[in-house]
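Close look at the chain arrangement
Here are the chains, one letter per residue:
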Amino acid sequence: MIQFDNLSKRYAGGFEALKAINLNVNAGELAFLTGHSGAGKSTLLKLLMLLERPSSGTLLINGKNINRLADNKIPAYRRQLGVVFQDHQLLMDRSVFDNVALPLQVAGQSRKEIGRRVRAALDGVGLLSKERHSPRMLSGGEQQRVGIARAVVHKPRILLADEPTGNLDPGLSAEIMALFRRFQDVGVTVLIASHDIDLINQMNCRIIRLEQGMVADDGGACGSVI
Amino acid sequence: MAQSSNAKGRRGAVEAKTGLLGRIRAAFGHHSHTFQDSLKRLAKDPLQTLMTASVIAIALSLPASLFLAVDNARQFENSFESFSQITVYVDNNASQKQISYIESQLRDIVEVASVIYISPDQALQEFTHNSGFGSALKYLESNPLPPVFIIEPMANVVLETNQVQPLLAKISQIAEVEDTQIDMLWLQRLRSLTQIGQKIVFALGFVLALGVLVIVGNSIRLTIHGRREEIIVVKLVGGTDAYVRRPFLYSGMLMGLIGAMGAALIIVVGFWWLGGSVAQLSELYSSQFRLHSLGVQGCLVLIAVGASLGLSGSWLAVTRHLKNIKPR
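Residues numbered from 1 in each chain as written. Chains lettered and ligands numbered in written order. Predicted model: local features only at pLDDT ≥ 70, side-chain atom pairs only at ≥ 80, totals over all residues.

Attention now moves to the overall build of chain A. Secondary structure assignment for chain A yields 7 helices and 10 strands. Relative to the globule expectation of 17 Å for 226 residues, the C-alpha radius of gyration of chain A, 17 Å, shows essentially globular dimensions. In terms of overall dimensions, chain A has a C-alpha envelope of 45 × 40 × 30 Å along the principal axes. For chain A, the share of sequence-separated contacts (at least 6 apart) that also reach a separation of at least 24 residues comes to 68%. (Helix = DSSP H or I, 4+ residues; strand = E, 2+ residues; numbered from the N terminus. Rg over C-alpha atoms; globule rule 2.2 N^0.38 Å. Contact = placed C-beta atoms within 7 Å.)

Scanning chain B from N- to C-terminus turns up 12 helices and 4 strands. For chain B, with 328 residues in total, the buried portion stands at 25%. A sequence separation of at least 24 residues applies to 86% of the contacts in chain B between residues at least 6 apart. (Buried ≥ 20, exposed ≤ 12 C-beta atoms within 10 Å, placed from the backbone.)

Attention now goes to the sheet that holds strand E3 (residues 30–34) of chain A. Residue and element names in this part refer to chain A. Reading across the sheet, the 6 strands line up as E6-E7-E8-E3-E9-E10 and stay open at both edges, with mixed pairing between neighbours. Both outer strands of the open sheet, strand E6 (81–84) and strand E10 (214–219), are each paired with one neighbouring strand and no more. Going from strand to strand, the sheet's axes swing by 20° on average, the running direction of each strand aside. Sheet topology places strand E7 (residues 158–162) next to strand E8 (residues 189–193); 5 bridges connect them, and they run parallel. Residue pairing across strands places Asp162 opposite Ala193, the latter belonging to E8. Together, E6 and E7 form the strand contacts of helix H5 (residues 140–152), whose direction differs from that of E6 by roughly 170°. (Pairing = 2+ DSSP bridges. Axes fitted to C-alpha atoms, helices over the stretch in contact; angles between N-to-C directions.)

Residue and element names in this part refer to chain A. Pairing is antiparallel in the open sheet, where 4 strands are placed in the order E2-E1-E4-E5. One side of each edge strand has no neighbouring strand; the edge strands of this open sheet are strand E2 (16–25) and strand E5 (64–65). Bridge analysis of strand E1 (residues 2–10) against strand E4 (residues 56–61) gives 5 bridges, and the strand direction is antiparallel. Residue Ser8 lies in a different strand from E4, and its bridge partner there is Ser56.

Take the packing of helix H3 (residues 96–106) of chain A against H5 of chain A next. Residue and element names in this part refer to chain A. Here H3 crosses H5 at 30°, and the two axes come no closer than 7 Å. Accordingly, the angle class assigned to the pair H3 and H5 is roughly parallel. When the axes of H3 and H5 are compared, the crossing they make is right-handed. Within the contact between the two elements, H3 uses Val96, Asn99, Val100, Leu102 and Pro103 and H5 uses Val146, Ala149 and Arg150. Residue classes in the contact of H3 with H5 are distributed as 6 nonpolar, 1 polar and 1 charged. (Parallel < 35°, antiparallel > 145°, perpendicular 65-115°, else oblique. Left-handed = near helix turned anticlockwise from the far one by under 90°. Nonpolar A, V, L, I, M, F, W, Y, C, P; charged D, E, K, R; others polar.)

With that settled, consider the nonpolar core. Formed by 68 residues in total, the largest nonpolar core has its most connected members in Leu33, Val100, Ala121, Ala149 and Phe180 of chain A. The element contributing the most residues to this core is H3 of chain A, with 7 residues. Those residues within four positions of Ala149 of chain A in sequence are excluded, and the remaining contacts are Val100, Ala121, Leu122, Gly124, Val125 and Leu127 of chain A. Counting 35 residues, the second largest nonpolar core, distinct from the first, contains Phe67, Leu68, Val201 and Leu257 of chain B. (Core = buried A, V, L, I, M, F, W, Y, C linked by C-beta atoms within 7 Å.)

What follows covers H5 of chain A. Residue and element names in this part refer to chain A. Taking 1.5 Å per residue, 13 residues should reach 18 Å; H5 reaches 19 Å between its end C-alpha atoms and fits that length. Counted residue by residue, H5 has 10 buried out of 13 residues, so it is predominantly covered. The complete set of buried residues in H5 reads Gln143, Gln144, Arg145, Val146, Gly147, Ile148, Ala149, Arg150, Ala151 and Val152. Looking at the packing, one finds that the buried side of H5 touches E6, H3, helix H4 (111–124), E7 and helix H6 (170–185). (Expected span 1.5 Å × (residues − 1).)

In this section: the packing of helix H9 (residues 185–226) of chain B against helix H11 (residues 241–284) of chain B. All names here are of chain B. Running from N to C, H9 and H11 point in directions that differ by 140°, and their axes come no closer than 10 Å. It follows that H9 is oblique to H11 by the angle criterion. Considering only the axes of H9 and H11, their crossing is right-handed. Every residue of H11 that contacts H9 at Val212, Val216, Ser219, Ile220, Thr223 and Ile224 is listed here: Phe248, Ser251, Gly252, Met255 and Gly256. When its residues are assigned to classes, the contact of H9 with H11 shows 6 nonpolar, 5 polar and no charged.

What follows concerns the confidence of the model for chain B. All names here are of chain B. Looking at chain B, the pLDDT average stands at 82 and 89% of residues meet or exceed 70. Helix H1 (residues 2–9) is the least confidently modelled element of chain B, averaging 40 in pLDDT, while helix H12 (residues 295–322) averages 93, the highest of any element. We note a pTM of 0.72 for the whole complex and an ipTM of 0.88 for its interfaces. (pLDDT = per-residue confidence, 0-100.)

Looking at chain B, the domain boundaries give domain 1 (31–79 + 189–322) and domain 2 (85–182). With centres defined by C-alpha atoms, the gap from domain 1 of chain B to domain 2 of chain B works out at 52 Å. (Domains from an automatic or database assignment.)

All names here are of chain A. Burial of H3 is extensive: 10 of the 11 residues sit out of reach of the surface. Those residues of H3 lying buried are Val96, Phe97, Asn99, Val100, Ala101, Leu102, Pro103, Leu104, Gln105 and Val106. Gly108, located one to two residues past H3, shows a positive phi value of around 75°.

Residue and element names in this part refer to chain A. Positive phi is not limited to glycine here, since Ala20 has a value of about 45°. The topology assignment puts Ala20 in strand E2. In the Ramachandran plot, His88 falls in the positive-phi region, its phi being about 50° despite a non-glycine side chain. Along the polypeptide, His88 turns up in the loop between E6 and H3.

In structure tokens:
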């Protein structure tokens, strides 16, 4: 599903964030991306979101090379992804419902369809009762779950998460991870960047460790135990 | 429940599942939603909206009222079209035969639209009737008034100054014609003045239209700045540039629209206020001239101009400033 071939990213200042990365994440796989800050986790996710373009090498998504994707095709590409951010990127001036509805609105879905899907997504993260609330009124864990609902409301095939538990206590973090596991169970490819080693080890999943822009360690596969 | 629906939806892309009709309906729904949202945002900050709208209103009402003033002056000119005549005085001693010869000569001139003959007797009668000197005239031994032709030139002669002199020369050449007199010189002066006025209106209109573009553009720039976070999130979840642009275009259009409505109000009230005095004045001159105001059609044109200026201004601002907002 996600395939990096000899992929490098050098920033304008000369800093080489990723050096000849070779990686393959299969459809329906849940993999963790770990490493110290500055190891290249964020850059890798940015390349996947097309926020940055690779300097060399190829990036295949579902067999398609997205290196040379035209700028006007980027919105359509991003709609295939679901992204969970560390700071959740919720809009505080609108309700939980409207936040989750955003990916469907930009895709031009009908109001009826939006209502149905948003409620299904909020139900999935256990926040159906709070759809009329402002995100401001929710706890950190709840805000992150709204972020996850927004990331999956349009049923993406790939779910990316950048430090999704970065600001949460261990109990809440485990809850969030369990949610990701559920999306994997229904066939979504999930890639999570995290430096929370203890939590990752508990998950018993594939762990890709980056070090100074290179893959230092890549091993394990998801067991069904949690 | 969420899981089962996820499993079903995974098969097809989101777009493929919605029919064409559904997509059109959704697009309409989105447009009306965006429009309402833009209205709500303008209403949320009434002071800012009112200030921007009133600046636009003033900027639009200035050239529009000047345009109306020039238009009124032109109507005034047209109401005096009958004054742009040439009076031809014939020798007092001319015989009836000579007079009818002159008349046929005058009718043969291409630039002449109509010829009216006023005999000395007719003229005297008219003068007696109108002047109030009737009894005094009785003491005159003979009728001092000459035979007169009133000539109405073709419309194009009235318009073009340089065609008047050759026409006068042609008339003077006819035998027994003593003198010619025109009373359209002042009208031509007025006409030149209104032409200058028209040019000023265009120049002023152009400059102030640019001003409206800048006003709307600046206001939209501030709005874009205030909604930066939202723009980034929309882009991250796959919103197209057109989607991002839309609410700003609606806001700009609405601002122009509201401003133009204000301008129309200013003009209608102003001309109504002025109209009474102008009517009084023209009655003193026993003229039928009345100040005409904007009218429904004029209001609609003004509002359309305002809305399109607002739209263009926001378009310029959006194209310029959205480029600078990239998701991190």
